[in-house]
Each structure stands twice: as structure tokens, then as C-alpha cells.
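# Secondary and tertiary structure notes
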Amino acid sequence: MHFSLVTLFPEFFDSPLSAGLMAKARESGTVDFSFRNPRDATADRHRTVDDRPYGGGPGMVMLPEPLAVTLRALREDAPKARILMMAPRGRRFTQQLARELAREEHVAILCGRYEGFDARIEELFDIEPVCVGDFVLNGGETAALNVIEAVARLVPGFMGKEESGEDESFSEGLLEYPHYTRPEVFEGLPVPDVLRSGDHGRIAAWRREQSLAATLRLRPELLPEAPLTETDMTFLRHKAAETVERAGRNLHCALVHYPVLNKEKKSVAVSLTNLDIHDIGRCSCTYGLGGYYIVTPIEDQRRLLDGILRHWTEGPGLAANPDRGEALGLVRGADTVQDAVDDITRRTGQRPLVIATSARGAGDTTVGQVRSILAERPVLLLFGTGHGLSPHLVAACDGTLRPVRWMDGYNHLSVRTAAAIIMDRILGDCY
């Protein structure tokens, strides 16, 4: 396999590409490298490759002409080369993409410097932007090394023992299991008995469970896309119940019936809906929320709520459908949003951050921010009935969540549907 590197600093690669397995692979011809420096395509005596950006702003931009000359020469020598550009806005580099690239005969990588490339280069050439992570580097050379090593080790002949290339972290969408070697006991810590048993079936099962447990503990966001068997899912379910502090316990929601808007945009109180109580209660239980509040100051509506809850949590409904009784056991009545805030504060020892939800406006809070906050303090999500929460209530909140479907014209979800979507976006299946 051949890598062409377009870089202003070819010497950057001297040491990394001349050490360890990479050096051996180069000696054997398994992988090969060539370098193209855009400075060599300049015509002025200073070998200029950058200039100030149009429109002003900090930094410099790589000139298009030296790059265009360099890329046309590359295309002439290697018409089928797949050209990548290291860029923060590119496709995320993953093990799956590494496998895909390892099947290519020739991969070219553009390493940017300064503020990046003149945008017209991407219009003139078939280039794929690739990103190795959400962080800032001085240039694309370091990122290119990540790509080179991840791809090269998958090329047949690179790794000595071929299965070593795949039996690693992320190869199956999971983190790798722990490894041990001699001595059997080191500073009082023994090698797990199963690894010394000689029972390869038990060893394989233990390694799989360790891989699952590590991923659940350290990188749970990988699990939704990982290939899992029913046995894997059973193990994860039990492991999560035993060891994982679920973030959902710090999330609470309230269905507000006053103050909300009517069709005329007036602030009013609206009646309870039995389906809202049941369905949002079931969602709240499924995602492990700390509580679900029904907010209404109207006395007869509170009596109606109490009657529904008694039926399902104490009366005949509980005997007929214990699962529904468990879900509605999360439901609490509150006269006002402040009453719900006070109850959460009393139960958790912390005042919750109050976040409104709305189908209107831009919002100032994302689901990722809410998820991060849950690690530190409780959050109360407010869902509005009628035609949405009253503006003065929204203004009193600590933040407003971005609408569920803010890019589309039609955005009229039922409150039950919106609550389910938002809970899933914040908590998913693994938080």
C-alpha cells in the first residue's frame, strides 16, 4: 500500500515512519511513502505558500496555486489515489473508515497549516475531509500519523499475527479487555484465575464480559452502535444495575397545566389529560427519571390526579397492571413549578436547574449540555400543555432547550411524543 503525503514539513515524518512495525513494513514493501511539498511548486524566490485571508481576520491561508500544481502532479502519477484532507469539519475517523482505507492501493493525505486551505481547492479536486477528533492541532501532520498507523496495521502482512490487527479496542465497537503477563503475582495483585485455567471457552467469555464492562463504565456512548448478542445485553443490564450510577436519576420532568398559552396566546390553565399522565409516566420510568410532576393549581384537577394515582398505585389498577403502577409511582402533584423545584431540592439536597422546552425560538441549551449537568446536579425539564409554556414562565427558567425539529417547517408534536424524544436524546439507552 502506498501513502502520498502533501505537507510543508516532510521531515516531520522521519522518526515516526522509521520506528517499530512501521519501519519493518517499509523494509518489506508492505507499505511505502512518498512526499510532496507545495513549496516545490512555487515560482517566487521566497517559496511563498500562504497569504492573508480575504475579508480580514487572524492568521494566513495556504495559497491555492502551489496546492493545485502539486495535486495535479499527484493525479497524473496516481490517477486512482484516494485523496484525504485533514480537517476538523471532515468525516470522523473511525476503525470502520480505517478498514475501508486499508483496501485502497494508494491513499494521499493533505496536511494543512496556518488557517487551512483556500476553499477553491475542494471545488477543483475530489478531496475527502477527515477529522481525527474535536481538538485543535498546529497542523495536519499529527492527524495524518493517526490515519497512517490505524490504516497500515490493517494491511495484510503488517502485523505479524494477522488477528492482532482486529482483536483490539474499537474493532468490534467495544473497548478491549485487560491484559496480563508474568509474574503471576505482582506487588500482591494476582492474574485472574480464569486466565490461568487453560479453559479457552471460559477465557473467551471472561474477555467478552470485561470488554463489555469497560465500555459500559468508560465509553457508554459506543454501545448503541456495537454489535451485541442477547447474552451481551443481559450481562450489560445486570452490570448497569449493579455498578452504574444512572444519570437519569438526576433528571426530573414536569407537565405544566398553568401558566400555558391558548390559541389566542393568552395565559390560561388547561385540564389534565389521562394519556399524558400515563404515557409520560411510563417514559419517565423507562429512562429512570427521579420524578415526574403534574403542575396544576386547580383543586378539582388535583383531586382527579389523586384519584388516578391511587387507582394505579394502591387500588385495583396495581393488582391488574403492576408495571403501570410502578410507572405512576413516579408521579407527584404540584400546585406550581416552584413547588416542584422545592420538592426536588428537599429530596436531593440541591436546587435543580430548571430548563424549559418549546417548539418555538432558538433555545439556549442543548441536550448534550443537559447530559453534562446531570453529573453534577438535578435538572427539571418543563413541558407545556395547551399551546406551550407561558413566556413569563420560560423567562424565569435557567435555560430553554432547543426545539426538537428546529430545521423543519412543521413542528407540532404532541407533548407525549416530544417528552419521549427529549428523554431519549438526553439519556439514550446507556446513561
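Here the structure is a predicted model, which means the values were calculated and not measured.

Bringing the packing of helix 13 (residues 367-374) against helix 15 (residues 415-427) into the picture now. It is the contact of helix 13 with helix 15, at a shortest axis distance of 8 Å, that shows an interaxial angle of 60°. As for the relative orientation of helix 13 and helix 15, their crossing is right-handed in sense. For the pair helix 13 and helix 15, the contacting residues are V367, V370, R371 and L374 in the first and R425, I426 and L427 in the second. Residue composition of the contact of helix 13 with helix 15, grouped by class: five nonpolar, no polar and two charged.

Right, let's get into helix 5 (residues 140-152). Helix length check: helix 5 (13 residues) gives 18 Å between terminal C-alpha atoms against 18 Å at 1.5 Å per residue, within 8%. For helix 5, the buried fraction is high: 10 of the 13 residues fall into the buried class. Where helix 5 is concerned, the buried positions are G140, E141, A143, A144, L145, V147, I148, A150, V151 and A152. Buried residues belonging to helix 5 abut strand 1 (2-6), helix 1 (20-28), strand 2 (32-36), strand 5 (82-92), helix 3 (95-102) and strand 6 (106-110).

Most of strand 13 (residues 291-295) is tucked away: five of the five residues are buried. Neither face of strand 13 is left uncovered, since the one carrying G291, Y293 and V295 and the one carrying Y292 and I294 both have all their residues buried. Alignment of strand 10 (residues 251-256) against strand 13, held across five bridges, turns out to be parallel. In the strand pairing of strand 13, C253 is matched with Y292.

Our next topic: unusual backbone geometry. Omega for the bond connecting R182 with P183 falls within 30 degrees of zero, at 5°, which places this linkage in the cis form. The omega angle of the peptide bond from Y258 to P259 is 0°, so this bond is cis rather than trans. Relative to the elements of secondary structure, P259 occurs in the loop between strand 10 and strand 11 (260-261). One non-glycine residue with positive phi stands out, namely E187, at about 50°. Positive phi outside glycine occurs at K265, with the angle close to 65°.

Helix packing for two helices is described by the angle between their axes and how far apart those axes are. For the pair helix 8 (residues 274-286) and helix 15, the least separation of the axes is 9 Å and the interaxial angle reads 10°. Between helix 8 and helix 15, the interaxial angle falls into the category roughly parallel. Residue-level contacts link L275, D276, D279, I280, C283 and S284 of helix 8 to V415, R416, A419, A420 and M423 of helix 15. Of the residues belonging to the contact of helix 8 with helix 15, the class tally is seven nonpolar, one polar and three charged.

A word on the sheet that holds strand 2. The five strands lie next to each other as 2-1-6-5-7, forming an open sheet whose pairing is parallel. Two strands lie at the open edges of the sheet, namely strand 2 and strand 7 (128-131), each paired on one side alone. Geometrically, the sheet is characterised by an average inter-axis angle of 35° between neighbouring strands, direction not taken into account. Pairing analysis gives four bridges linking strand 5 to strand 6, with the strands arranged parallel. Bridging across to strand 6, I83 finds its partner in A108. Those strands touched by helix 2 (residues 64-77) are strand 1, strand 2, strand 5 and strand 6, and its axis lies near 165° from that of strand 1. In this fold helix 3 packs onto strand 5, strand 6 and strand 7, with an angle of close to 170° to the strand it touches most, strand 5.

Turning to its location among the elements, R416 is positioned in helix 15. Measuring from C-alpha to C-alpha, the distance between R416 and A359 comes to 13 Å, with 57 residues separating the pair along the chain. With residues up to four places along the chain from it excluded, the contact list for R416 reads L275, D276, D279 and I280.

Let's shift gears to the sheet that holds strand 10. Read from one edge of the open sheet, six strands run 14-13-10-16-15-17, paired in parallel fashion. For this open sheet the edge positions go to strand 14 (331-334) and strand 17 (399-400), each flanked by a neighbour on one side alone. Of the pairings in the sheet, the one linking strand 10 to strand 16 (residues 379-384) comprises six bridges and is parallel in character. Directly across from C253, in strand 16, lies its bridge partner L381. Lying over the sheet, helix 9 (residues 299-313) contacts strand 13 and strand 14, oriented at roughly 165° with respect to strand 14.

Summed over the entire model, instances satisfying the criterion amount to three aromatic pairs. Seen from their ring centres, F3 and F33 are 5.3 Å apart, and the 15° between their planes marks the pair as stacked. Remark: F33 occurs in strand 2 and F3 occurs in strand 1; sequence separation between them is 30 residues. For the residue pair F3 and F33, the accessibility class agrees, reading buried in each case. An aromatic cluster is built from F12, F13 and F35, whose rings are joined through pairwise contacts. Between R324 and the ring centre of W312, over which it is positioned, the NZ or CZ distance is 5.5 Å. The aromatic ring of W406 is capped on one face by R402, whose charged end is 5.6 Å from the ring centroid.

Here is what the cut-offs are and how they apply
Position numbers for residues count from 1 along each chain, tracking the sequence in the order it is written. Side-chain atom pairs in this predicted model are given and counted only at pLDDT of 80 or more, local residue features only at pLDDT of at least 70, and totals for whole chains, interfaces and linings cover all residues. Side-chain calculation: all heavy atoms of the structure are included, whereas hydrogens and water are not. Each axis is a line fitted through C-alpha atoms, taken for helices only over the stretch in contact, and angles between the N-to-C directions span 0 to 180 degrees. Counting from the N terminus, the helices are DSSP H or I runs at least four residues long and the strands are E runs at least two residues long. Helix crossings get a hand from a simple test, with the near helix turned counterclockwise from the far one by less than a right angle marking a left-handed crossing and a clockwise turn marking a right-handed one. Working rule for contacts: check all heavy atoms of both residues, and any pair within 4.5 Å makes them a contact. Here the nonpolar group is Ala, Val, Leu, Ile, Met, Phe, Trp, Tyr, Cys and Pro; Asp, Glu, Lys and Arg are the charged ones; every other residue, Gly included, is treated as polar. Given the number of residues in a helix, its expected span is that number minus one, multiplied by 1.5 Å. With a 1.4 Å probe rolled over the protein chains alone, any residue whose accessible area is under 20% of its type maximum counts as buried; one over 50% counts as exposed, and the rest are partly exposed. Only strands joined by at least two bridges in the DSSP assignment are considered to pair. Roughly parallel means an angle under 35 degrees; roughly antiparallel, over 145; roughly perpendicular, 65 to 115; everything else is oblique. The pairing test for Phe, Tyr and Trp rings, Trp by its six-membered ring, is centres within 6.5 Å, and the orientation test on the planes gives stacked under 30 degrees, edge-to-face over 60, and tilted for anything in between. We count a charge as sitting over a ring when the NZ of a lysine or the CZ of an arginine lies within 6 Å of the ring centre and within 35 degrees of the ring normal.

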